[in-house]
Amino acid sequence: SSTIGFIGLGNMGGPMAANLVKAHHKVTGFDVAPAAREAAKEAGVVIAASAAETVAEADVIVTMLPNGRLVLGVWNEIAAHVKPEALIIDSSTIDVDSARNAHGLFAASGHLTLDAPVSGGTVGAQAATLTFMAGGSKPAFARAEPILLAMGKRAVHCGEAGAGQAAKICNNMILGISMIGVAEAFVLGEKLGLTHEALFNVASTSSGQCWALTTNCPVPGPVPTSPANRDYRPGFAAALMLKDMKLSQDAALSSGAATPLGAHATQLFDLFDKLGHGNEDFSAIIRFLRGGTGGGN
Ligand code: NAD
């Protein structure tokens, strides 16, 4: 078992740290929010007084924070306090440039570092069924893998520094675009007099098949577990989808990639969020499309 320092004990980090405790690791944790510290303590995490104190004894450090600015801040704060042989992992979803800069903070000291964002949501964090997509050196990935697999069921090494974030952002851009595609198809089907069941039965067994259709199906009925059946309670909140879509557009801009559908999908989720729907599942965008706003006539 390892001694692990875990910083950021929120909706994702809390249950992830709890799963490390269950896997018999010695876990010390820190969060700026008292409620997050309290919940983690109940799950068996030893609470430290600061990020620096969290990492002092740790062989492996995991950060799970809201954005790249905070990750860079925390990684800067702990740099002088980590043990010489420590491995540092960031599992937050952040922009590729910040991820690469975070790796760079430990380049001179020679510490192993990894960007390892996740998919699977809070349900996956609780059930330890997350998928990790990792960027960093082979030795960093090899050392991280058993730790990651205590919090998830799959870990994919995507390439060098930043490659994990790049994979995460590209994947979620597919999801954002395809959800709007699926929602538009149901809106058109409704106008043409098709039942939701008929369209679902055809598309789910034809070339329209995709995650947005079969997991977060935007209409109630065909997929009993989809958020549409519970008034669009997430699931995957539209505000988080928007965050990831914006990361894809930042990356498209800085790398010079053309992503016209990504850009349009980002605008639509942005409008949807600004209308106050950020806390609904991202599949609720179908209600906005039915209204005709932003989607043309
Ligand atoms: P969250 O807001 O619940 O948790 C973040 C935690 O970080 C909070 O408890 C906050 O108090 C803490 N924090 C902020 N600044 C800090 C600091 N300087 N030091 C210590 N703690 C600090 O968010 P979450 O849902 O757990 O998401 C975390 C990350 O995981 C995000 O980057 C998110 O995009 C990503 N993610 C979330 C989901 C999801 O479904 N929630 C899925 C995949 C990826």
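Here we summarise the structure given alongside this text. (Residues numbered from 1 in each chain as written. Predicted model: local features only at pLDDT ≥ 70, side-chain atom pairs only at ≥ 80, totals over all residues. Heavy atoms only, no water.)

Quick look at the packing of helix α11 (residues 238-255) against helix α12 (residues 260-277) now. Running from N to C, α11 and α12 cross one another at 145°; their axes reach a closest spacing of 9 Å. Of the two possible hands of crossing, α11 and α12 adopt the one that is left-handed. Every residue of α12 that contacts α11 at A238, A239, M241, L242, M245, K246 and Q249 is listed here: G262, A263, A265, T266, F269, D270, F272, D273 and H277. Among the residues forming the contact of α11 with α12, the class breakdown is nine nonpolar, four polar and three charged. (Axes fitted to C-alpha atoms, helices over the stretch in contact; angles between N-to-C directions. Helix = DSSP H or I, 4+ residues; strand = E, 2+ residues; numbered from the N terminus. Left-handed = near helix turned anticlockwise from the far one by under 90°. Contact = heavy atoms within 4.5 Å. Nonpolar A, V, L, I, M, F, W, Y, C, P; charged D, E, K, R; others polar.)

Moving on: the site of the ligand. Taken together, 22 residues lie around the ligand, and N11, M12, D31, L65 and K243 are the ones closest in. A distance of 2.8 Å is found between an oxygen atom of the ligand and a backbone nitrogen or oxygen belonging to M12. Within the side chain of D31, a nitrogen or oxygen atom sits 2.6 Å from an oxygen atom of the ligand. When isolated, the ligand has an accessible area of 830 Å², and the protein chains bury 82% of it. Each residue belonging to the shell around the ligand can be placed in one class, and the counts come to twelve nonpolar, seven polar and three charged. Both domains that meet at the shell around the ligand, namely domain 1 (3-160) and domain 2 (166-290), each give it at least three residues. (Near = heavy atom within 4 Å. Polar contact = N/O pair within 3.5 Å; in protein donor to acceptor, adjacent residues only side chain to side chain. Areas by Shrake-Rupley, 256 points an atom, 1.4 Å probe, with all protein chains shown as cover. Domains from an automatic or database assignment.)

Time to look at the nonpolar core. Ranked by internal contacts, the top residues of the largest apolar core, which has 33 residues, are F186, F269 and I285. Elements represented by at least two residues in this core include exactly α8 (163-191), α9 (196-203), α10 (211-214), α11, α12 and α13 (285-290). Of all the elements, α8 adds the most residues to this core, at eight residues. Once residues within four sequence positions are removed from consideration, F186 is found in contact with H196, L199, F200, L213, C217, P218, V219 and I286. Listed in part, the 31 residues of the second largest apolar core include M12, A36, A140 and A144. (Core = buried A, V, L, I, M, F, W, Y, C linked by side-chain atoms within 4.5 Å. Buried < 20%, exposed > 50% of the residue type's maximum accessible area, 1.4 Å probe, protein only.)

Let us look at the side chain of T3. With respect to the helices and strands, the residue T3 is situated in strand β1 (residues 3-7). Judged by relative accessible area, which is 19%, T3 ranks as buried. Non-local contacts of T3, meaning those with residues more than four positions away in its chain, are made with K26, E57, A58, D59 and V60.

The final tally for this structure, using the stated rule, is seven salt bridges. Among the salt bridges present, the one from D231 reaches R287, with a minimum N-O distance of 3.3 Å. Here D231, found in the loop between α10 and α11, pairs with R287, found in helix α13; they are 56 residues apart in sequence, far enough to count as distant. When its relative accessible area of 35% is taken as the criterion, R287 is described as partly exposed. Note that D270 and K274 form a salt bridge whose closest N and O atoms lie 2.8 Å from each other. Placement of both D270 and K274 in helix α12 is noted, with a separation of four residues, approximately one turn of the helix. The class for K274 is exposed, based on a relative accessible area of 64%. Sharing partners across several salt bridges, the network here consists of D59, K83 and E85. (Salt bridge = Lys/Arg side-chain N within 4 Å of Asp/Glu carboxyl O.)

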